[in-house]
Structure formats: structure tokens, C-alpha cells
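Residue-level structure breakdown
Each chain is listed here by its residues.
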Amino acid sequence: MIKCQYAGLSVRRILINPSDCHTIRQLSWGEVRRRLLKTKNALDSKFKEDPTGDHGGTKRPREPSSEDPESRREEPSVKAAKQTQKVSVSVSHGEATNTSESFGHWSQGLKTSMQDPKMQVYKDEKVVVIKDKYPKARYHWLVLPWQTISSLKALSEEHCDLVKHMQQVADQMVQQCPDASSLRFRTGYHAIPSMSHVHLHVISQDFDSPCLKNKKHWNSFTTDYFMESRDVIQMLETNGRVNVKEGTSELLKLPLRCHMCRKDIPTIPALKEHLKSHFPR
């Protein structure tokens, strides 16, 4: 018998592709079977010893375990424990941020802006005036009290003098505006503001701004959703609080209508084009 140069594990390759060895026909069939069995045993032993189950990129199916059902039953409780731990950490963090007056949420953005010197236009011991970050007209300022007041509903009779001062500052802003003679202004509050911290809008009525984009923007300034500052002052003097009518939020869904001539307009682009006739540059 001629000794094959592909001895040992290479017999597996020879048997798969006999053309790789020109002496394969000279091996006895018994010798071939013995070497094949030796190769198979060696491979099986290797698979059993590999804890990762990675056998050349082929994953073996996971054998069912009697512990799996119990593990699966425990998963929800473990998950709940993790969630509880996460919530407790969040609550603790929330308490810390409240005491330090963190302004991370977008609705708290005004509290950050009013502290920014670049945004401030005027300030005194009671209020600060800032430029609206997303102005809805050529001139759009916000008058904010330094005192923390979350919304109109938080106002009471004791705030009456403060609200009057806010209106006085708003009037001063209009008077010093270079286009005050050619533009009309309104001062007022949104009945249901999206931003926390009460703020008085001082806005020119041209509404010439790329930030005015939709019906909600328009109706929030041109319907009764926009509460006149002097009406708010009167409510505080008379009732000691501000009344917001039920269904006020529905005003934001009204059809587009020009606030000057009351003409119905189908779209925001058409409305902006129409406004040019009332407020030419």
C-alpha cells in the first residue's frame, strides 16, 4: 500500500473532493473508514468543548432547559424592579433639579431666555423684556415678571400692580419702535399658553414673519384666544382672578380670516400674500 501524503484530518478533505489526491484509490476502504471515524470523533469533541456555540459561523439550536420557564416567569418581576429603580432615580433627580430650577424641558424655555443678556431688550426690578425667539411678526416682544408665575390661572388680585406695570412697559416698547407710526400693535396673553411662566405679548399686526406657519399660529393672535392685557387687568381688579372660557382651545381650529378686512383666506401662503396689501414694506 502506498502511504497517502494527505494523512490525518486531511482525509476528510480527500473524501469530499477525491480529485485532491491522486493516491486515494490506493488506500484500502477500511483505512479510509478508520480515518473518517477518527476525524468525526475529533470534530464532535471540539463542538462539545466550545462553550460559545460558535462553530465556524453556524449556531447550534439551543437545547430546551427545565429552568427556562421559571426564568421567563421571573423576567417581568426583574424588569419591574429595574423600572422601579429607574423611576426612583428619576424622581430623586427631579427633586434636585426642581430645587436648582433646571429649565431642561422645552416649555421652560422662557426661563432660560429671560436670563440671556443677548435676548434681553429691557429690564427693571420687576420685569424683563425679551425678543420672541420665533417672532410671528416684524416686531414681537415678550414682557415677563421676574417673579415666578406659571400662567394666567395663577394670577390673583395681589398681582394686579405687577400686571399693570407689565402693560406700562409694553406701551414703552411700542413708543420706542421706529415703525410705531405705520404699524398697529396689540398687547395680550394667550388664554392657554404652551410655555410656562406668564408672559405678555407685544406684537405688531403685520404678521410678516417666516415663523408664522400654520392656522394655530394665526388664530392664537387674531381670535379671542388672545386676551387683551387691559381685559386681564380688569378681571383681576373685579374678580381677583382671570377667567378662561371653556372651549377656548377650539378657537385655534377656526378658518383663516384676515384680521383687517375679515376676508376668508384658504391657506397660509395666500394669507401672507393678502396681508401685503394691508402692510406694504
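Let me begin by describing the structure that accompanies this report. Model, not experiment: these values are computed from the prediction. (Residues numbered from 1 in each chain as written. Predicted model: local features only at pLDDT ≥ 70, side-chain atom pairs only at ≥ 80, totals over all residues. Heavy atoms only, no water.)

Moving on, we come to the layout of surface pockets. Empty space left among the atoms is revealed by rolling a probe the size of a water molecule over them. A volume near 820 Å³ is recorded for the largest pocket. Along the wall of the largest pocket there are 32 residues; nearest its centre are D132, Y134, K136, S194 and M195. For the lining of the largest pocket, the per-class residue count stands at 14 nonpolar, eleven polar and seven charged. The space that makes up the second largest pocket amounts to roughly 290 Å³. In terms of lining, the second largest pocket is formed by 13 residues, of which the most central are D224, M227, M235, N243 and K245. Residue composition of the lining of the second largest pocket, by class: six nonpolar, two polar and five charged. (1 Å grid on protein atoms, 1.4 Å probe; cavity = no way out; pocket = protein on both sides within 12 Å on 5 of 7 lines; lining within 4 Å. Points joined across faces, edges and corners; volume = space filled by probe spheres on them. Nonpolar A, V, L, I, M, F, W, Y, C, P; charged D, E, K, R; others polar.)

Topologically, D161 is positioned in helix α5 (residues 160-175). When the C-alpha atoms of D161 and L236 are compared, they prove to be 9.8 Å apart, with 75 residues separating the residues in sequence. (Helix = DSSP H or I, 4+ residues; strand = E, 2+ residues; numbered from the N terminus.)

Moving on, we get to the pairing of strand β7 (residues 200-204). Of all five residues making up β7, five are buried, and the element is well covered by its neighbours. Residues L200, V202 and S204 point to one face of β7 and H201 and I203 to the other, with burial holding for every one of them. Sheet topology note: the strand β5 (residues 140-145)/β7 ladder contains four bridges and is antiparallel. Counterpart to H140 in the pairing with β7 is I203. As judged from the four bridges shared by strand β6 (residues 185-190) and β7, these two strands associate in the antiparallel manner. The residue of β7 that forms the bridge with G188 is H201. (Buried < 20%, exposed > 50% of the residue type's maximum accessible area, 1.4 Å probe, protein only. Pairing = 2+ DSSP bridges.)

Looking along a regular strand, one sees the side chains alternate between the two faces of the sheet. Counting buried residues in β5 gives six out of six residues, a clear majority hidden from the surface. The alternating pattern of β5 places H140, L142 and L144 on one face and W141, V143 and P145 on the opposite face, and all of these are buried. Inspection of the sheet shows strand β4 (residues 127-131) paired to β5 by five bridges, in the antiparallel sense. If you follow V129 over to β5, its bridge partner there is V143.

Turning to the pattern of salt bridges, a few remarks are in order. Applying the stated criterion to the full structure yields nine salt bridges. Among the salt bridges present, the one from R186 reaches E228, with a minimum N-O distance of 2.8 Å. With R186 in strand β6 and E228 in strand β8 (residues 226-228), the pair connects residues that are 42 residues apart, well separated along the chain. For R186, a relative accessible area of 17% corresponds to the buried category. For E228, a relative accessible area of 28% gives the class partly exposed. Measuring nitrogen to oxygen at the nearest pair gives 3.3 Å for the salt bridge that ties K276 to E273. Using a relative accessible area of 51% as the deciding quantity, one classes K276 as exposed. (Salt bridge = Lys/Arg side-chain N within 4 Å of Asp/Glu carboxyl O.)

Let us now look at the sheet that holds β5. The sheet built from six strands is open, its strands ordered β3-β4-β5-β7-β6-β8 with antiparallel pairing. A single partner strand is all that each edge strand has here, and the edge strands are β3 (120-123) and β8. Between one strand axis and the next, the sheet turns through 30 degrees on average, direction left out of account. Taken strand by strand, helix α6 (residues 215-222) contacts β5, β6, β7 and β8, and its axis lies near 105 degrees from that of β6. Contacts from helix α7 (residues 229-239) reach β6, β7 and β8 within the one sheet, and its direction differs from that of β8 by about 65 degrees. (Axes fitted to C-alpha atoms, helices over the stretch in contact; angles between N-to-C directions. Contact = heavy atoms within 4.5 Å.)

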